[in-house]
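# Breakdown of the fold
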Amino acid sequence: MLRVPVVDLMLFTLFVLVSLAVPSLCAAVSEDRANTPGFIAELTANRVINKTSEDAAKKIDTRIISHTGAATDYRGATVYNNAVLNPPPVPSGLTTQFLIQLQNASTANLSLFQNGSFIGFSIEMSLVDHISPFLNLMANLAKRSGRVNIRIGGNTQDTAVLVDSTPDGKILERNITAGSRPTRTTPLIYTPDLLYMMANISALVNVHWFIAHWELGVPFLLNDTATRLAVVRSSQEILGDHLMGLQVGNEVDMYQRHGHYATYSPSDYNNNFGGFVNDMEAANLPGINLLVGPNIAYAYWTAEDVWNTGFVSKYDTNLAYLSVEKYPTNNCAAQFKHYSTPVVDPQTIFPDFLTHTGKFSGNQVIQRFINSTQFAVQNGKRLVMMETNTASCGGFPGISDAFGAALWGIDYAFQMAVNNFGFAMIHVGGETVSYNPFSPPPTSSAFHKWTVGPMYYTAIVTAESIGPSNVTQVLDLGANGGNDYTPAYAFYENGNPVRIGIINYVTDPTGASDLHVQIAMSGSSIHQSSVQVKYLLGDSVSLKGNFTWAGQTFGDAFTSDGRPLGKETIITIACDTTMNLCTIPVPAPSYALVFLTGAAPMYGSVSGAIPSGMTAAPKRVSVLVLATAMLLLSI
């Protein structure tokens, strides 16, 4: 029988306050002067600025990490690194005025149906005992897309063990005596209370879970059937319909390199997967449309290497999704002294993230998987990107934590959507990484001191761009003659374009690189006298913190409780009704989301932030707190 965790009425009431928007905080700004001189300057000037001193970051150097290149002068927790890079130079010959011609339902190359929850989060299991403003952050996304997908696990989960209780009475503890795993993660033990906590989160914010590595759920590297199946049984009983799947193995193509096996091949994985299926069947555990594989890192195998073993046809009824994990590059040499390649200077590679088809663009990442997305669809499945971010081994200071990463992430998300990935998980690490979408402060008492990074803005913007309809199709418009600095996308519902998204990767404070994009609606069924636009704005692709989405921000380092600050600002732009043409200004740099068929939705802010100081009780978990140790314990 499903054991439903008890949620205290007071806590539930608090969450209701958190999840409701406050309409009075939202005020649309109606403007018909979008094409007049100084409009963009005025638009970009109205930003919330709340600078935090460098001293605040330097006080939390519980681990000392030294970086070369632009970050040489900083010695403190990497997640708060204050390195700021120089933006790439303004490209020569940039065309700043161009036309987008909309088409109706006959448009070719539309994606399969996508949902606004397309971007979720992958969180190391060792991080999951810490959440206060986390619920606010998830509520922001759930309001826009209806749900949030989270994968719990990573290198910490291959040997994580479910136990009845821990020596210190905590829900999760590191098992230091059992050694360490790749990327300096240590094995874990955890109790069912962790699963109850997850269930309560789902009851409040509609989060759906993947348990990875046989994760949290399925310790793939433990030769103990009872241990493996314990987490499967418990997760099914406790999470119920909020359990999306069990990930069987993590980065399995690296098992041989990491010393888990003397040799390990795609056929070995196929056989191990089958052994686990047999164990589930013998234990009478439901396994239909539940498992996720092969979860390769694309380091030593290709996805095709696994498909060629007959993996998908053999386990068709068991597989809920096919999955891969991939980062465009890595910063491992800066993290590990034994690494064989030289340390990379972030400044030299920064431009490679800031074009549509650049070396480290999302477009380049997904090229190796296009065949597999098609293969998945042909077999009645969807391929998912179970773990990704700007760079493995923690990302790069000055790149992964700067405004340019938000634009990179938006472009990457839409490239995956266009090419029919089912969804993607942005990885979240601890204090030794630069790429976190959100990071708690070092002490649990500092409730209003979270840091929200650029990849969280990516998730918010993607959610609003794709929307909650479940019938959105995404199209890469190849805009501006396919110019690498100005990609644009169309979002269709029921065969008609409803939104347009335009990226301007260029940093140019002179205004000479601001775009003026004409949207021609004559080829569609849309006839509007005006359109509304939301902007993601930052002064530079190098900017850290204080980005704004529709006029609201999560501030600088150590300033957020998970609620957006400021008045929600939506720009109304008048169209030429004679020509059926709307001209959209797109500042350099920024992302503009144009709503073609009606008023842009207003979300305001969650109200009544969840108070800190509430902790979890066994079998009656208050998810409003997950003690602050969480995200700082990671890799």
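Residues numbered from 1 in each chain as written. Predicted model: local features only at pLDDT ≥ 70, side-chain atom pairs only at ≥ 80, totals over all residues. Heavy atoms only, no water.

Turning to the overall build of the chain, a few remarks are in order. In terms of regular secondary structure, the chain is built from 16 helices and 26 strands. By the burial criterion, 63% of the 635 residues in the chain qualify as buried. Put simply, 80% of the contacts in the chain that link residues at least 6 apart link residues at least 24 apart. Counting only carbon and sulfur atoms, one obtains 52% of the accessible surface of the chain, whose full area is about 21900 Å². (Helix = DSSP H or I, 4+ residues; strand = E, 2+ residues; numbered from the N terminus. Buried < 20%, exposed > 50% of the residue type's maximum accessible area, 1.4 Å probe, protein only. Contact = heavy atoms within 4.5 Å. Areas by Shrake-Rupley, 256 points an atom, 1.4 Å probe, with all protein chains shown as cover.)

Turning to the sheet that holds strand E21 (residues 515-520), a few remarks are in order. Two orientations exist for strands paired in a sheet by backbone hydrogen bonds: parallel and antiparallel. The three strands are arranged E4-E21-E25 in an open sheet whose pairing can be described as mixed. Two strands in the sheet have a free side with no partner beyond their single neighbour: strand E4 (97-101) and strand E25 (581-586). Pairwise comparison of adjacent strand axes, ignoring direction, gives a mean angle of 25° for this sheet. The sheet contact formed by E4 and E21 spans five bridges and is parallel. When the sheet's bridge partners are listed, Gln101 is paired in E21 with Ala520. (Pairing = 2+ DSSP bridges. Axes fitted to C-alpha atoms, helices over the stretch in contact; angles between N-to-C directions.)

Moving on, we get to the sheet that holds strand E14 (residues 383-388). Pairing is parallel around the closed barrel formed by eight strands, whose spatial order is E5-E6-E10-E11-E12-E13-E14-E15. Pairs of neighbouring strands in the sheet enclose a mean axial angle of 30°, with direction left out of account. As paired elements, strand E13 (residues 319-325) and E14 share four bridges and run parallel to each other. Directly across from Leu322, in E14, lies its bridge partner Leu383. The strands that helix H5 (residues 192-205) touches are strand E6 (148-152) and strand E10 (207-211); relative to E10, the one it contacts most, it runs at about 150°.

Two numbers describe how H5 lies on helix H6 (residues 225-239): the axes approach to 9 Å, and their chain directions differ by 30°. It follows that H5 is roughly parallel to H6 by the angle criterion. You can see that H5 and H6 cross each other, and the crossing is right-handed. Residues Pro192, Leu195, Tyr196, Met198 and Ala199 of H5 pack against Ser234, Ser235, Ile238 and Leu239 of H6. Residues belonging to the contact of H5 with H6 are distributed by class as follows: seven nonpolar, two polar and no charged. (Parallel < 35°, antiparallel > 145°, perpendicular 65-115°, else oblique. Left-handed = near helix turned anticlockwise from the far one by under 90°. Nonpolar A, V, L, I, M, F, W, Y, C, P; charged D, E, K, R; others polar.)

With 75% of its residues at a pLDDT of at least 70, the chain reaches an overall mean of 81. Contacts of residues 176-186 to residues separated by more than four positions or lying in other chains number 27 contacts, the stretch itself having pLDDT below 50. Taken as a whole, residues 608-635 scores under 50 in pLDDT and shows 122 contacts with residues more than four places along the chain or in a different chain. (pLDDT = per-residue confidence, 0-100.)

Further remarks concern the pattern of salt bridges. Two side chains that carry opposite charge are able to pair once their charged atoms sit near each other. The tally for this structure, following the rule as stated, stands at nine salt bridges. Here Glu387 and Arg151 are joined by a salt bridge, their closest N and O atoms 2.8 Å apart. With Glu387 in strand E14 and Arg151 in strand E6, this residue pair connects regions lying 236 residues apart in the sequence. For Glu387, a relative accessible area of 5% gives the class buried. A salt bridge links Asp561 to Arg563; the nearest nitrogen and oxygen atoms lie 2.8 Å apart. Assessed through its relative accessible area of 23%, Arg563 is described here as partly exposed. A cluster of three or more residues bridged by salt bridges with shared partners is formed by Arg144, Glu464, Lys534 and Glu568. (Salt bridge = Lys/Arg side-chain N within 4 Å of Asp/Glu carboxyl O.)

Grouped together as the largest cluster of nonpolar side chains are 124 residues, with contacts concentrated most on Phe121, Met138, Phe311, Leu536 and Tyr591. Element by element, the count of residues in this core is highest for helix H14 (residues 403-418), at 12 residues. What Met138 contacts, discounting residues up to four positions off in sequence, is Phe121, Val148, Ile150, Val205 and Phe438. The next biggest cluster of nonpolar side chains, apart from the first, holds 29 residues, and it includes Leu475, Ala488, Leu515 and Ile571. (Core = buried A, V, L, I, M, F, W, Y, C linked by side-chain atoms within 4.5 Å.)

So, about H5. The end-to-end C-alpha separation of H5 is 20 Å, in line with the 20 Å expected for 14 residues at 1.5 Å each. The element H5 is extensively covered by neighbouring structure, given that 13 of its 14 residues are classed as buried. The first or second residue beyond H5 is Asn206, which carries a positive phi of 55°. (Expected span 1.5 Å × (residues − 1).)

Turning our eyes to something else, we now look at the environment of Ser234. Mapped onto the elements of the fold, Ser234 is located in helix H6. Excluding anything up to four places from it in sequence, Ser234 contacts Leu162, Leu195 and Leu239.

This brings us to the packing of aromatic side chains. What characterises a pair of aromatic rings is the spacing of the ring centres plus the angle enclosed by the ring planes. Overall, the coordinates contain 32 aromatic pairs when judged by the stated rule. For the ring pair Tyr264 and Trp301, a centre distance of 6.0 Å and an interplane angle of 15° mean the geometry is stacked. One end of the pair, Tyr264, is in the loop between strand E11 (243-247) and helix H7 (266-282); the other, Trp301, is in the loop between strand E12 (291-296) and helix H8 (303-307), with 37 residues separating them in the sequence. Relative to Phe423, the ring of Tyr321 lies with its centre 5.2 Å away and its plane at 75°, an arrangement referred to as edge-to-face. A residue pair is termed long-range when its members are at least 10 positions apart, and Tyr321 in strand E13 and Phe423 in strand E15 (residues 421-428) qualify at 102 residues. Judged by relative accessible area, Phe423 falls into the buried class, the value being 5%. An aromatic cluster is defined as three or more aromatic residues linked by ring pairs; in this entry it consists of Phe121, Phe134, Phe403, Phe438, Tyr456, Tyr457, Phe547 and Phe554. (Phe/Tyr/Trp six-rings, centres within 6.5 Å; stacked < 30°, edge-to-face > 60°.)

Turning our eyes to something else, we now look at unusual backbone geometry. Across the junction of Gly293 and Pro294, the peptide omega takes the value 10°, indicating a cis bond. For Pro294, the position within the fold is in strand E12. For the bond from Ala588 to Pro589, the omega torsion is 0°, close enough to zero to count as cis. Residues other than glycine seldom take positive phi values, yet Asn546 does so here, at roughly 65°. Inspection of the secondary structure assignment puts Asn546 in the loop between strand E22 (530-537) and strand E23 (548-549). The class of Asn546 is buried, set by a relative accessible area of 1%.

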